[in-house]
Amino acid sequence: MKLAIYPGSFDPVTYGHLEIISRASKLFDKLVVLVSVNPSKPSAFSIEERKQLLEEVVKAEGLTNVEIDSHEGLLIDYFNKRNADVIVKGLRALSDFEYEFQMAQANRKLCYKAETIFLTAKSENTYLSSSMVKQIAMFGGDVSDFVPECILDRITTRLKKD
Ligand code: PNS
């Protein structure tokens, strides 16, 4: 059984993440979407909230081989604990590449069997980011084109409060 881990901040999950989740779930027997901590990014949603949003989205999409989990330490420790085969990341533009390349190299240095596979985002999603969603929603803008409908109200209500 091939197990893939898709780690990220998912603060909050967007259509861009959902595209990668959906495509990766078809490539592997099981996909774990892992809410992880990015120490260089402040988060708006708690880890538990981000997990709940992802769980709802994955359920609504009927992706039965996708599990949602969280981990507050090193990705590679989780990867080893689950005896996973692959780390999946999404690439939106060339600007993502340098950072993602560094992370992939570092993870492989920490564990030689940690292969990272990149899925390139479809063109409609190349500009989309959680930070953009947060900024638009905080000022009361419409983010319905950016986040799945089943979590839209929760995201807008929650971000407007901040
Ligand atoms: O969605 P993001 O913020 O780009 O995801 C980055 C994330 C959370 C995957 C990365 O920061 C991470 O792996 N965090 C866990 C801690 C870790 O293992 N850091 C070393 C990576 S080389």
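The structure under discussion appears in the preceding block.
Residues numbered from 1 in each chain as written. Predicted model: local features only at pLDDT ≥ 70, side-chain atom pairs only at ≥ 80, totals over all residues. Heavy atoms only, no water.

S.K.: Sorry, what's going on with unusual backbone geometry here?
M.R.: Generally, phi is negative for residues other than glycine and the peptide bonds are trans, each holding for most cases. Here the residue pair aspartate 11 and proline 12 is connected by a cis peptide bond, since its omega of 0° sits within 30 degrees of zero. With respect to the element layout, proline 12 can be found in the loop between β1 (3-8) and α1 (15-27). A positive phi angle is found at phenylalanine 10, which is not glycine, with a value near 50°. Considering the arrangement of structural elements, one finds phenylalanine 10 in the loop between β1 and α1. On the basis of relative accessible area, phenylalanine 10 is assigned to the buried category, the value being 2%. One non-glycine residue, asparagine 83, lies in the positive phi region at around 50°. If you trace the backbone, asparagine 83 turns up in the loop between α3 (75-81) and β4 (86-91). (Helix = DSSP H or I, 4+ residues; strand = E, 2+ residues; numbered from the N terminus. Buried < 20%, exposed > 50% of the residue type's maximum accessible area, 1.4 Å probe, protein only.)

S.K.: Explain the site of the ligand here, please?
M.R.: Neighbouring the ligand are 15 residues; Ser9, Val37, Asn38, Lys41 and Leu75 lie closest to it. Taking lysine 41, its side chain carries an N or O atom lying 2.8 Å from an oxygen atom of the ligand. For the ligand, an oxygen atom lies 2.8 Å from a polar atom in the backbone of leucine 75. Taken by itself the ligand offers 540 Å² of open surface, and the protein chains cover 84% of this. Secondary structure elements with two or more residues in the shell around the ligand: β1 and α4 (94-110). The greatest single-element share of the shell around the ligand, amounting to four residues, is contributed by α4. When the residues that make up the shell around the ligand are grouped by side-chain class, the tally is seven nonpolar, six polar and two charged. (Near = heavy atom within 4 Å. Polar contact = N/O pair within 3.5 Å; in protein donor to acceptor, adjacent residues only side chain to side chain. Areas by Shrake-Rupley, 256 points an atom, 1.4 Å probe, with all protein chains shown as cover. Nonpolar A, V, L, I, M, F, W, Y, C, P; charged D, E, K, R; others polar.)

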